[in-house]
Amino acid sequence: MSAARTDTAMDLDTRAPSSRATRSAEEGRATRSAGELIADEGAHLAHTYHPLPVVVASGEGAWVTDVDGRRYLDCLAAYSAVNFGHGHPRLVAAAREQLDRVTLTSRAFHNDRLGPFVTALADLAGKDMVVPMNTGAEAVETGIKLARAWGYRVKGVTPGRANIIVADGNFHGRTTTIISFSDDPVATADFGPFTPGFTRVPYGDAAALEAAIDENTVAVLIEPIQGEAGILIPPADYLPAVREITTRHRVLFIADEIQAGLGRTGATFQCDNVGVVPDLYLLGKALGGGIVPVSAVVGDRDVVGVLNPGEHGSTFGGNPLAAAVGHEVVRMLAAGDLQQRARELGALLERRLTALIGRGVVAVRCAGLWAGIDIDPALASGRHVCEALAERGVLAKDTHGSTIRLAPPLVVEASDLEWAVDQLEAVLTELAGR
Ligand SMILES: Cc1ncc(COP(=O)(O)O)c(C=O)c1O
């Protein structure tokens, strides 16, 4: 593979020192070759992913460097977990400082980082309380438990009958309860028996959602934009209608903002973009600043307050390292400039991608700095396009056959973004000429 670029304009506030990338790449090169490292994984790693053949050794801002020193523009940003770029100086400094103090206390004791973090996060979300967890799936599981407990203890649902409405095409994680309401056969086959208590309705159809509500319904759990499904954006009036319906039926509205939230769509939450406030926000990915897994459920006291000591927890949830990094993430989001950057760069991305419709691209869906691009299936699979992009120094990820998604770090330079679309355009032109 040929590296695409060696020059980028350095924004000192958003990039780590350049020696970091070079040093790590050299260390990687000195030990095992890319082929050997991939073979090691093939032999000893469960085959649960099908990665592109790129072995990343270091990262800096929106760029990563592989073990051979080739540079790639990261247009996936670890599914939005790296919204602030690789090695953001403020986040690295917060982590380093905390590494030298204390990293893990468990919740058996208090730590001096957790209180300030949850206060800031609750404030950012305009809510009262936080349940700190680690992975996104844990936040979803926590939201489900909260909704059920609220249903029995506050709403008065018959014990054992609580039901949650979810959407077709959803992706909320990989635990057994979460896959129980997935309609993706790859996610579910041979993993049953499944957890009952969920009803699936078409995504984007508020009338179908309302029709599914009965006396046992405790919550509606949806992604404000379906990321893994291919950046599916519901009609503009959908989330406001879900809010109105859930309020009227006394049902909780749980917004899974794990991928859509924290700046990606040009707002702190995608719900902000459509003027909606859910009862519970599920957050993850970018909350850990691309450094540590940090997730959370954020809501008001009347819902989150139903949990009592011993009913829920996590050894690592709310640890001081996670809290220190998460707090810095919240501080950065509270300033608002990253959201603005996502809006501005998102407009640029949408303009450039829309121009490719009819030239190898069938459809484009953009929300902030997040794009789902449907490639003409007659031309190539999404995987094939991603492989060709990687050859040209752009890392992106396919989903559902012919769709590719772009989610570069929000600190990406406009010129780098334009260059990435140039590479996509060149790949499509090449494919059309075959
Ligand atoms: C909307 C949404 N919810 C939950 C998850 C699960 O997060 P994690 O992989 O951290 O468990 C994901 C992961 O992609 C997601 O996109």
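Residues numbered from 1 in each chain as written. Predicted model: local features only at pLDDT ≥ 70, side-chain atom pairs only at ≥ 80, totals over all residues. Heavy atoms only, no water.

1. Details of the sheet that holds strand β11 (residues 361-366)
Here is step 1 of the chain: Strand order in this open sheet of four strands is β11-β12-β15-β14, and the pairing throughout is antiparallel. Two strands lie at the open edges of the sheet, namely β11 and β14 (397-399), each paired on one side alone. In this sheet, neighbouring strand axes are inclined to one another by 25° on average, regardless of whether the strands run parallel or antiparallel.
Here is step 2 of the chain: Sheet analysis places β14 next to strand β15 (residues 403-406), joined by three bridges and oriented antiparallel. Residue aspartate 398 lies in a different strand from β15, and its bridge partner there is isoleucine 404.
Here is step 3 of the chain: Sheet strands touched by helix α14 (residues 337-354): β11, β12 (371-375) and β15. Its angle to β11, the strand with the most contacts, is close to 170°. (Pairing = 2+ DSSP bridges. Helix = DSSP H or I, 4+ residues; strand = E, 2+ residues; numbered from the N terminus. Axes fitted to C-alpha atoms, helices over the stretch in contact; angles between N-to-C directions. Contact = heavy atoms within 4.5 Å.)

2. A look at the pairing of strand β2 (residues 63-66)
Here is step 1 of the chain: The alternating pattern of β2 places Trp63 and Thr65 and Val64 and Asp66 on opposite faces, both of which are buried.
Here is step 2 of the chain: Of the strand pairs in this sheet, strand β1 (residues 56-60) and β2 are connected by four bridges, and their pairing is antiparallel. Each bridged residue has a counterpart across the sheet, and for serine 58 the counterpart in β2 is threonine 65.
Here is step 3 of the chain: Counting the residues in the hairpin turn of β1 and β2 gives two residues, including glycine 61, whose phi is positive at 65°.
Here is step 4 of the chain: Direction of pairing for β2 relative to strand β3 (residues 71-74): antiparallel, over a ladder of three bridges. When the sheet's bridge partners are listed, valine 64 is paired in β3 with tyrosine 72.
Here is step 5 of the chain: The hairpin formed by β2 and β3 contains four residues between the paired strands, and glycine 69 there has a positive phi angle of roughly 85°. (Buried < 20%, exposed > 50% of the residue type's maximum accessible area, 1.4 Å probe, protein only.)

3. Let's talk about the site of the ligand
Here is step 1 of the chain: Close contacts around the ligand come from Thr135, Gly136, Ala137, Phe171, His172, Gly173, Glu223, Asp256, Ile258, Gln259 and Lys285, and that covers them all.
Here is step 2 of the chain: Contact between the ligand and glycine 136: an oxygen atom at 2.8 Å from a main-chain N or O atom of the residue.
Here is step 3 of the chain: For the ligand, whose accessible area on its own is 390 Å², the fraction buried by protein is 81%.
Here is step 4 of the chain: Grouping the constituent residues of the shell around the ligand by class yields three nonpolar, five polar and three charged. (Near = heavy atom within 4 Å. Polar contact = N/O pair within 3.5 Å; in protein donor to acceptor, adjacent residues only side chain to side chain. Areas by Shrake-Rupley, 256 points an atom, 1.4 Å probe, with all protein chains shown as cover. Nonpolar A, V, L, I, M, F, W, Y, C, P; charged D, E, K, R; others polar.)

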